[in-house]
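Listed below are the residues making up each chain.
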Amino acid sequence: MTDDDPRIPLRDRAQTTLELTATGLGALAFGVVALIALPVFGFDPAPIAGPDSIGQYAALASAVAAMLAFAAGRYVLHTQGRPRISGALDVVDVAAVAFAHGVIAFLSWTLTAVILSDAFIGATVFWLPIVALSGATAAVSAYVAFLSAAHMDSQLLAIVLAVFLVEGVLASMLTASDPDWWKIHLSALGVSHDVSALAFNLTLIVAGFLVTILARVATRDIPTATEQGVRRVRLSLIVVGIFLGLVGVFHVDTHFWIHTFVASGMAVAFGVLTFRLRAWVPGISRAFLPVGWTFVAVIVVTAVFFAVGYWALTAVELVAGVLVFTWIILFLRNVGALHADTTR
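Residues numbered from 1 in each chain as written. Predicted model: local features only at pLDDT ≥ 70, side-chain atom pairs only at ≥ 80, totals over all residues. Heavy atoms only, no water.

### Quick notes on the environment of Asn201
Here is the rule we go by: Helix and strand assignments come from DSSP, with helices taken as H or I runs of at least 4 residues and strands as E runs of at least 2, each series counted from the N terminus. For the exposure calls, accessible area comes from a 1.4 Å probe over protein chains only, and a residue counts as buried if that area is under 20% of its type's maximum, exposed if over 50%, partly exposed in between.
Mapped onto the secondary structure, Asn201 falls in helix H6 (residues 195-218). Classification of Asn201 as buried rests on a relative accessible area of 10%. Taking the C-alpha atoms as reference, Asn201 lies 8.9 Å from Ser187; in sequence the two are 14 residues apart.

### Structural notes on the layout of surface pockets
As a reminder of what qualifies: Detection works on a 1 Å grid of protein atoms alone, calling trapped sets that fit a 1.4 Å probe cavities and calling open sets with protein on both sides within 12 Å along at least five of seven lines pockets, with lining residues defined by an atom within 4 Å of a point. Grid points are joined across faces, edges and corners, and a volume is the space filled by probe spheres set on the points. Note on residue categories: nonpolar means Ala, Val, Leu, Ile, Met, Phe, Trp, Tyr, Cys or Pro, charged means Asp, Glu, Lys or Arg, and polar means any other residue, Gly included.
Counted as a void, the largest pocket has a volume near 1200 Å³. Elements with a contribution of two residues or more to the lining of the largest pocket: helix H5 (154-174), H6, helix H7 (227-249), helix H8 (256-280), helix H9 (289-307) and helix H10 (313-343). Broken down by element, the residue count for the lining of the largest pocket peaks at eleven residues, all from H10. Looking at the lining of the largest pocket residue by residue, the classes come out as 32 nonpolar, eight polar and one charged. If you trace the second largest pocket, you find 32 residues lining it, with Phe106, Leu107, Thr110, Ala171 and Thr175 closest to the centre. When residues in the lining of the second largest pocket are grouped by element, the largest group, nine residues, is from helix H3 (residues 88-119). Counted by class, the lining of the second largest pocket contains 22 nonpolar, nine polar and one charged residues.

### Details of the side chain of Thr274
Definition in use: Should any heavy atoms of two residues lie within 4.5 Å, those residues are considered in contact.
Its location among the elements puts Thr274 in helix H8. Contact partners of Thr274, with chain neighbours within four places excluded, come to Gly292, Trp293, Val296 and Trp327.

### Re the confidence of the model for the protein
One rule of thumb: low pLDDT means the predicted coordinates there are not for detailed reading. We count it as follows: Across the chain, each position has a pLDDT score giving the predictor's confidence in that residue, from 0 to 100.
Residue-level pLDDT values for the protein average 81, and 87% of them are 70 or greater. Here H10 is the element of the protein with the lowest mean pLDDT, 79, and helix H4 (residues 127-150) is the one with the highest, 91.

### Here's the deal with the nonpolar core
Put simply, the test is: To form a nonpolar core, buried Ala, Val, Leu, Ile, Met, Phe, Trp, Tyr and Cys residues must be joined to one another through side-chain atoms within 4.5 Å.
Of all hydrophobic cores here, the largest spans 88 residues; its most connected members are Leu210, Leu277, Trp327 and Phe331. Sequence-distant contacts of Leu210, that is, excluding residues within four places in its chain, are made with Ala96, Val97, Ala100, Leu161 and Phe164.

### Some remarks on the environment of Leu107
In this fold, Leu107 is placed in helix H3. Once the C-alpha coordinates of Leu107 and Ala171 are considered, the two residues, 64 residues apart in sequence, prove to be 7.4 Å apart. With residues up to four places along the chain from it excluded, the contact list for Leu107 reads Glu167, Gly168 and Ala171.

### Let's talk about H9
For the α-helix, the turn length of 3.6 residues means that residues three or four positions removed from each other point alike. This is how the line gets drawn: To estimate the expected span of a helix, subtract one from its residue number and multiply by 1.5 Å.
If you check H9, its first and last C-alpha atoms are 28 Å apart, about what 19 residues at 1.5 Å a residue would give, namely 27 Å. Directly beyond the C-terminal end of H9, a positive phi value near 85° is found at Gly309.

Structure, rendered in structure tokens:
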């Protein structure tokens, strides 16, 4: 009998139980958020986006729903022993990834509201659609976050990291008080005292923490790698994560040399990892190795373009950031493929 066989008791059908639990959490989020919307808006219409809008309320409510649902999903796995949450570090890991899901929900629904506001210029939303739509966004966010927690692995965590980083930095760009920030460098987004700087710096700090989580999760069981090789791969990724977080802690206007050191250190750690990967993980596909070498070469070329005044530093930072995190995602997928082939 398969897991989908109707003769199997529901308590023994793990995937069906997870789906039903996620649906139940979504329904609960819908009811709570819809009920709260009534005293918040009353029976008055509201704009689609902006202050006191349905978009603002739905985004905030969905962020809270996503964080709580993710925490609930990890707790369900904890009770089932796969894996158990043991120690303060695991709790901090869950809190960081839950926060990332909340931010993704908040930014995604905010962006959706802004796009709809530009499509329906001057339109307002009446009380009944406010209740229904805000409840629906929270329900979807809770449903997705719970299933993300239930199926979380290193590859999914890498995708969450990439989405979180892109949306966080993009939100900072769109809300920057200085429209010419890009003429200086990417770190200029974090030097002001407005919401844009807070979003930028917080994004880097949390993203750095997520990279360190990835370093631990992804290197727990790398097939064909020696114990020393695993430690060095893990250390390289941890250095990238710590330095990324420190870029958000030490601002370029107040701690220029520290900021520059940790930003450059990320590139150095990445370069060492790509060129030593074959020695540290002998079974990794040889076809994957040139990808990292090419990425490093592109980063070096863009740095030279900046040094001779051909490119702005912003372009170099954006290209380097995209290539580094693209390589991390590809590396995790190759490790997953290697594990599957070795197991088979």
